[in-house]
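# Notes for the structure review
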Amino acid sequence: MLSPTIQEGLKPYRIGEKLRALRLGKKLGLVELGRHTGLSPALLSKIERGKLYPPLPTLLRIALVFGVGLDHFISDERRHNPVAIVRKSERKRFPERPGAREPAYEFESLDFAALERKMSAYYATFRPISAETARPHHHPGAEFLHVLHGRLALRVREEDHVLEAGDSAYFNSSVPHSYRAVGRGACDALVVTTP
């Protein structure tokens, strides 16, 4: 039996709530989770309701079933700063490739101060270059692009799309894609990628 002091100290970690959220997210019942973990449904129910706090080996057994680390259960969100501010003056501009003489675009990370990012946001400036010069690239995840100023030619696979200021595009970024400004001036856009 845990002392009231220990129980109060464990409450902010919300281990039971986190377990329940993981289980429901995978659409598992307590009996099915019990089969995967080797733990009884009654024990799992007590953990979820905060009536019992499991020892670390038991918690690790549960974590392995869901593919998460122990830190998923034993991190206190109250200690993490929920807001990460990046001031315009703090942003650094980088070319598409280090050392590129005439890069097709330059970008600035808008969220580098966030420690546990679920996405990455960039302010990008695209240069007017020829279609042949635009280098296709790809990366895992998805990409969202919103044109702030100018016109942008977005090529996904072999298909070209011209976006005007105010237009947006969402696409699977594992497919080869490239960008280039259309017209005389540069094009500015907000780009968000997911891992």
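Quick caveat, the model's predicted, so the values are computed rather than measured.

## What about helix 2 (residues 15-25)?
- Ile15, Gly16, Lys18, Leu19, Leu22 and Arg23 are the residues of helix 2 that are buried. Looking down the long axis of helix 2, one finds its buried residues gathered within 165 degrees of arc, a one-sided arrangement. Counted as exposed and oriented over 90 degrees from the buried face of helix 2: Ala21 and Gly25.
- Where helix 2 is buried, its residues contact helix 3 (30-37), helix 4 (41-48), helix 5 (56-66) and helix 6 (71-74).
- Of the residues one or two after helix 2, Lys27 is the one with positive phi, at around 55 degrees.

## Some words on the sheet that holds strand 6 (residues 159-163)
- Here three strands make up an open sheet; going across it, the order is 6-5-8 and the pairing antiparallel. Looking along the sheet, the strands with just one partner apiece sit at the ends: strand 6 and strand 8 (177-182). When the angles between neighbouring strand axes are averaged without regard to direction, this sheet yields 20 degrees.
- When strand 5 (residues 151-156) meets strand 6, the two strands line up antiparallel, connected through five bridges. Counted as the bridge partner of Leu152 is Leu163 from strand 6.

The rules behind these values
Residues numbered from 1 in each chain as written. Predicted model: local features only at pLDDT ≥ 70, side-chain atom pairs only at ≥ 80, totals over all residues. Heavy atoms only, no water. Buried < 20%, exposed > 50% of the residue type's maximum accessible area, 1.4 Å probe, protein only. Helix = DSSP H or I, 4+ residues; strand = E, 2+ residues; numbered from the N terminus. Arc of directions from axis to C-beta. Contact = heavy atoms within 4.5 Å. Pairing = 2+ DSSP bridges. Axes fitted to C-alpha atoms, helices over the stretch in contact; angles between N-to-C directions.

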